[in-house]
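Analysis of the macromolecular model
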Amino acid sequence: MLGKIVEAITGNDEGKKIKGTVVLMKKNVLDFNDFNASVVDRLHELVGQKVSLQLISAVNGDPEKGLRGKLGKPAYLENWITQFTSLTAGDSAFDVTFDWDEEIGVPGAFIIRNLHHSEFYLKTLTLEDVPGHGRVHFVCNSWVYPAKKYKQDRVFFTNQTYLPTETPPTLVKYREEELGNLRGDGTGELKEWDRVYDYACYNDLANPDKGPEYARPVLGGSKEYPYPRRGRTGRPPSKTDPETESRLPLLMSLNIYVPRDERFGHLKMSDFLAYALKSLVQFLVPEFETVCDSTPDEFDSFQDTLKIYEGGIKLPKAALDSLEDNIPLEMLKELIRTDGEGYFRFPMPQVIKEDKTAWRTDREFAREMLAGMNPVIIRCLQEFPPRSSLDPKVYGNQSSSITSDHIKDKLDGMTIEEAIEKSRLFILDHHDDLMPYARRINTTTSKIYATRTLLFLQEDGTLKPLAIELSLPHPEGDQFGAISKVYTPAEDGVEGSIWQLAKAYVQVNDSGVHQLISHWLHTHAAIEPFVIATNRQLSLLHPIYKLLHPHFRDTMNINAFARQILINAGGILEKTVFPAKYSMEMSSIIYKNWVFTEQALPADLIKRGMAVKDAHGPHGLRLVVEDYPYAVDGLKIWSAIETWVKDYCNFYYKNDLMVRNDVELQSWWKELVEVGHGDKKDEPWWPKMRTREELVETCTIIIWVASALHAAVNFGQYSYAGYQPNRPTISRRLMPQPGSPEYEELKLNPERAFLKTITAQLQSLLGIALIEILSRHSSDEVYLGQRDTPDWTSDEEPLKAFGRFAKKLEEIEEEIVGMNKDEKWRNRVGAVKVPYTLLFPTSEGGITGKGIPNSVSI
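In this text the structure is predicted, and so the values were computed from the model without any measurement. (Residues numbered from 1 in each chain as written. Predicted model: local features only at pLDDT ≥ 70, side-chain atom pairs only at ≥ 80, totals over all residues. Heavy atoms only, no water.)

Points about the overall build of the chain
Definition in use: Helix and strand definitions here come from DSSP, where helices need a minimum of 4 consecutive H or I residues and strands a minimum of 2 consecutive E residues; each element is numbered from the N-terminal end. Contact definition: two residues touch when any of their heavy atoms are within 4.5 Å.
In terms of regular secondary structure, the chain is built from 30 helices and 22 strands. When contacts within the chain are restricted to residue pairs at least 6 apart in sequence, long-range pairs at least 24 apart make up 74% of them.

Here's what the structure looks like:
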């Protein structure tokens, strides 16, 4: 054995040698406290337990092994103990020397065996001067655990791209076996070194072992509660309920299973930890509860709410000591002021940076429906009064009680019919989604209304609110319909204060729908089945895998963290948004209306009546509101993605028959529809995946949702909701009625009455801490039009097409900057002076309110 190792390292003079370079990251660089790993790995090197590589021929098969590619002799990483070549933080380059065997010809793959004690992150292998071929490059980007952890050898392929039928025969078995390894066998609890991608229902949100109040329904797998699938962990069932998966203890949250290659990189993990510490509710709540001032749980005035940004909230010494005991010093700097005074404070949100009161105006209230953090709900009104689609047998009459008398004098001289015909009336409708839950939600500490908000498009392109309808279930039963009241704009006196409260109830609803539906359900949850299916059914050699893979980075990891600490029973989301314990259940009911093809931006705009087809318009559409920043910028991004996807797919698929005959592609799509989104498998709207056009449409939608749609609804959260009075997430009491003490308080101290109605101080701090994390770009983010590996394919034409895509995105950036400076476009900046940059493709790290990461990565 030792002789072979020496021969492999030193070589002999007979025959040609092939020099190679391996770039990897040692584990001890990432885990600064894991010194043992480094020491033991060096000991293993000394006794001959090394890292070996064997080349696999792409051209010559071994008849004794079913024509698998011939294997070369093992070669070993050189100088593990002494050599350390730093490329970037943590990267090491090692030489490797292969004995050249003519029968290998051109290598198409290699096997790697790690006989060390600990894992490492393998980035690339590059071979120079392969006879008759020149340079051969392998992009790996994968964790390699000690060989004893694996049932089969780890195999990596070159950066060639092959459809299944084009795969060199010598590599076919390796390609098939690698996919089999990634699918697993569907059994057992998965461990960190397992590379298995598998499906499960959302049966891990509840914690019945903790008490009956932590029971929640299983989401997915039933007609009552349909849901996209999540990644399987295989944890055993809870003791109390065999249908519910047991939960990890809070302190073990970071260890929740996802395939190791889906885990955050070390830079992102350190960023995430530093800021996530702020939001661990179970840790911080006891400290914050000691902080409240003269009126516990309340802000006393709008000026009072500014203290958490301008001066900070003074933490008592006990809280400081506790923080110091639990948090490393370098992270403590991020949590409190570094002047030693111990103030907890947040950065100033953009919405109040330039003007502390503009957020209260009707114009800003309306503008944020087009250019805020949830610009995907507003729709053009097609009939008056608005009607409900709820079943009248169950819910009685739910039609709107807004009458022509409420709005007819505010339409710039038009009749209601004319305003509808000219597409000048709009609605923000949170009635039908919330009414079925309003009675139950109102038994909790939340007190909500189902709401409808009507708006009018003015000549200057801005919207003005006309009326807000607040509706409650009938006290005698749902079948008796809704009890509704309509409020219209007022500026002064108690009527003005009541109007401000009416807008707040709308914002509470919009905030909850934003977080649970627009953000969590429609991006995070909807994309995860695509991540799983792609890894299970499309080989790394497959062109569609290479197209989509960057758009799945970190998604499974952030979703797993969410299930552990955010969307779980008693988690941060239930504590900070109005539906409380009904939050996830409600999102399941709304998933019943989810249609994959309507996630395409043009289809979504047409469905909401915000655009009409127009062959002469840009992107084949005409926007009903010309100054709709989300749609204007979004259609440019959509079109750029679509062009890139079309150029890419048409390079590999020359006709529709090639799409139909691609067995991996067909298996991928079948599994995605029938398992990943299996509760919707019988829907007629799924693309059939029979044509190139369907393939391009599907991939464009996936990339749009994972990148631009997520960016549009995520990275503006701190800008707008970092100041809770602008985007409250909870309402704690209903509208004050004349003659009540609350009504008198509203007359005497409207600011205090407003703040006592919306999110309490403690919940505000937790909510702000959460969205500060969610709105922050990590320092290693990869944005749309970028790749983390420049040599991701060896095919020239796709690389050129990708270059054109990146250049188009740069042009869109310039256009966005230009439009934001043009005062003609009033909705792009608004009275709060926050330019619309949520679909500006690139960004630096931190909270920037711009940048489109490739994936749902936070």
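Points about the pattern of salt bridges
How we decide: Think of a salt bridge as a Lys or Arg side-chain nitrogen and an Asp or Glu carboxyl oxygen that are within 4 Å of each other.
Within this structure, the stated rule accounts for 49 salt bridges. The partner of Arg 776 in a salt bridge is Glu 772, and the shortest N-O contact between them spans 2.9 Å.

Description of the packing of aromatic side chains
Here is the rule we go by: Between the rings of Phe, Tyr and Trp (Trp by its six-membered ring), a pair exists once the centres lie within 6.5 Å; its type follows the angle of the planes, with under 30 degrees stacked, over 60 edge-to-face, and the other angles tilted. Buried means the residue's accessible area, taken with a 1.4 Å probe over protein chains only, is under 20% of the maximum for its type, while exposed means over 50%, and partly exposed covers the values in between. Placement of a charge over a ring requires the Lys NZ or Arg CZ to be within 6 Å of the ring centre, with the centre-to-atom vector within 35 degrees of the ring normal.
Applying the stated criterion across every chain, the model contains 36 aromatic pairs. Between Trp 359 and Phe 754, the ring centres sit 6.3 Å apart and the planes meet at 55 degrees, which makes this aromatic pair tilted. You can see Trp 359 sitting in the loop between strand E13 (343-344) and helix H11 (362-371) and its partner Phe 754 sitting in helix H28 (residues 750-757), a full 395 residues away along the chain. Taking relative accessible area as the criterion, Phe 754 reaches 5% and is therefore assigned buried. An aromatic cluster is defined as three or more aromatic residues linked by ring pairs; in this entry it consists of Tyr 202, Tyr 227, Trp 520, Phe 530, Tyr 591, Trp 594, Phe 596, Trp 668, Trp 669, Trp 685 and Trp 686. Above the plane of the ring of Tyr 174 lies Arg 68, whose end atom (NZ or CZ) is 5.1 Å from the centre. Over the ring of Phe 802 we find Arg 787, and its NZ or CZ is 5.4 Å from the ring centre.

Quick notes on the pairing of strand E17 (residues 463-473)
Using the following cut-off: Paired strands, in this sense, are two strands between which DSSP finds at least two bridges.
Within E17, 9 of the 11 residues are buried, leaving the element largely enclosed by the surrounding structure. Relative to E17, strand E16 (residues 450-457) runs antiparallel, the two being bridged by 8 bridges. When the bridges of E17 are listed, Arg 452 appears paired with Glu 469. Where E16 folds back on E17, the antiparallel hairpin that results is connected by 5 residues, among which Gly 461 adopts a positive phi of roughly 90 degrees. Sheet topology places E17 next to strand E18 (residues 482-487); 6 bridges connect them, and they run antiparallel. Bridging from a neighbouring strand, Glu 469 pairs with Val 486 of E18.

Brief notes about the packing of helix H4 (residues 169-183) against helix H16 (residues 493-537)
Rule in force here: Comment: axis = line fitted to C-alpha atoms, over the contacting stretch for helices; angle = value between 0 and 180 degrees taken between N-to-C directions. Only Asp, Glu, Lys and Arg are considered charged, only Ala, Val, Leu, Ile, Met, Phe, Trp, Tyr, Cys and Pro nonpolar, and every remaining residue, Gly among them, polar.
The interhelical angle for the contact between H4 and H16, taken along N-to-C directions, is 145 degrees, at an axis separation of 7 Å. On the side of H4, the interface is formed by Leu 179, Leu 182 and Arg 183, while H16 contributes Asn 535, Arg 536 and Gln 537. A class-by-class count of the residues in the contact of H4 with H16 yields 2 nonpolar, 2 polar and 2 charged.

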